[in-house]
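Structural features, examined
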Amino acid sequence: MRQPIIAGNWKMNNTIAGTKALLTDLIPLVKDAKAEVVVCVPYTNIAAAGELLKGTNIKLGAENVHWAEKGAFTGEISADMLVELGVEYVIIGHSERRQYFGETDQTVNARVKAALAKGLKPIICVGETLEEREGGLVEKVLVRQTTEAFKDIDKDQLDNIVIAYEPVWAIGTGKTATAQDANDTIAIIRGTMAKLYCPKCAEERVRIQYGGSMNPKNASELMAMPQIDGGLIGGASLKAVDFSQVVKY
Ligand code: PEP
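The following refers to the structure shown. Given the structure is predicted, the values throughout are model-derived calculations rather than measurements.

1. A look at the overall build of the protein chain
- On a plain count of helices and strands, the protein chain comes out with 11 helices and 8 strands.
- Relative to the globule expectation of 18 Å for 249 residues, the C-alpha radius of gyration of the protein chain, 17 Å, shows essentially globular dimensions.
- Overall, the C-alpha framework of the protein chain stretches about 45 × 45 × 35 Å when taken along its three principal axes.
- The buried share of the protein chain, taken over its 249 residues, is 52%.
- Taking all contacts inside the protein chain whose residues are at least 6 apart in sequence as the whole, residues at least 24 apart take part in 73%.
- If you average the places of the 28 positive and of the 31 negative side-chain charges in the protein chain, the two averages end up 2 Å apart.

Structure (structure tokens):
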């Protein structure tokens, strides 16, 4: 019903030469994958990646997009610019953007709207910090982040959006949420989507990934959980064999 989707988030890694080498190795390894496969690469690598991925089952993604159509926003990249390069998915609201670059729930929402307006598919990241988890605020934070991200987003768009639940304390730390915990927390997000839209929409049309130190060792246990529809993979997406093993969980 909900096709699994595994996306790599390369972050600020790989030059064009590294991109070509990694994708050349990856393409044959995942060609028979049942999951939808995406690689989100740095802006400077998008054109080269797009050339290599033509005719393959790997979709092209970016790591951010600006909310304005164009204008005086030095250093930013618009949705049109990404579309022109064949980008299909775009990560929005990653915790590193929230932590280091002033991303807020409101700017996440603005970026989601800008992306959808141009036909890009947002991968919206939500997740609590360790402090919030220890303070018993998981539900409150996730309901707020989800509700704000989807403000004024029409129900018709739900098939074009993926949510990534990424507990901040599990990103790049080697600490993974237990599969049960990830499942139960994703159920909170799905419940929020049911309230915002409708229970059937949340059940059938909203794909929610887990992200946070997902790797070849823990992927199958996480993917076996009924609420988990895929993964957003950082570190393990930088090695073709590791990423392919996650993709084929
Ligand atoms: C991420 O940055 O989205 C992520 C999940 O990173 P890692 O897999 O390295 O924890």
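Read on, since the account is not over.
2. So, the site of the ligand
- Close contacts around the ligand come from 14 residues, with Lys11, His94, Glu166, Gly172 and Ser213 the closest.
- With respect to the ligand, the side chain of His94 contributes an N or O atom lying 2.8 Å from an oxygen atom.
- One of the backbone N or O atoms of Ser213 is found 2.7 Å from an oxygen atom in the ligand.
- Burial of the ligand by the protein chains amounts to 96% of its free accessible area of 290 Å².
- In this structure the site holding the ligand corresponds to the second largest pocket.
- Of the residues contributing to the shell around the ligand, the split by class is 4 nonpolar, 8 polar and 2 charged.

3. Quick notes on the layout of surface pockets
- Put simply, the largest pocket is a space of about 460 Å³.
- Here the element with the most residues in the lining of the largest pocket is helix α4 (residues 95-100); it accounts for 3 residues.
- One number sums up the size of the second largest pocket: a volume of about 220 Å³.
- Along its surface, the second largest pocket is lined by 16 residues, and Gly172, Ser213, Met214, Gly234 and Gly235 are the ones closest to its centre.
- Residue classes in the lining of the second largest pocket are distributed as 5 nonpolar, 9 polar and 2 charged.

The rules behind the values
Residues numbered from 1 in each chain as written. Predicted model: local features only at pLDDT ≥ 70, side-chain atom pairs only at ≥ 80, totals over all residues. Heavy atoms only, no water. Helix = DSSP H or I, 4+ residues; strand = E, 2+ residues; numbered from the N terminus. Rg over C-alpha atoms; globule rule 2.2 N^0.38 Å. Buried < 20%, exposed > 50% of the residue type's maximum accessible area, 1.4 Å probe, protein only. Contact = heavy atoms within 4.5 Å. Lys, Arg positive; Asp, Glu negative; His and termini not counted. Charge placed at Lys NZ, Arg CZ, Asp CG, Glu CD. Near = heavy atom within 4 Å. Polar contact = N/O pair within 3.5 Å; in protein donor to acceptor, adjacent residues only side chain to side chain. Areas by Shrake-Rupley, 256 points an atom, 1.4 Å probe, with all protein chains shown as cover. 1 Å grid on protein atoms, 1.4 Å probe; cavity = no way out; pocket = protein on both sides within 12 Å on 5 of 7 lines; lining within 4 Å. Sits in = over half its atoms within 2 Å of the grid points. Nonpolar A, V, L, I, M, F, W, Y, C, P; charged D, E, K, R; others polar. Points joined across faces, edges and corners; volume = space filled by probe spheres on them.

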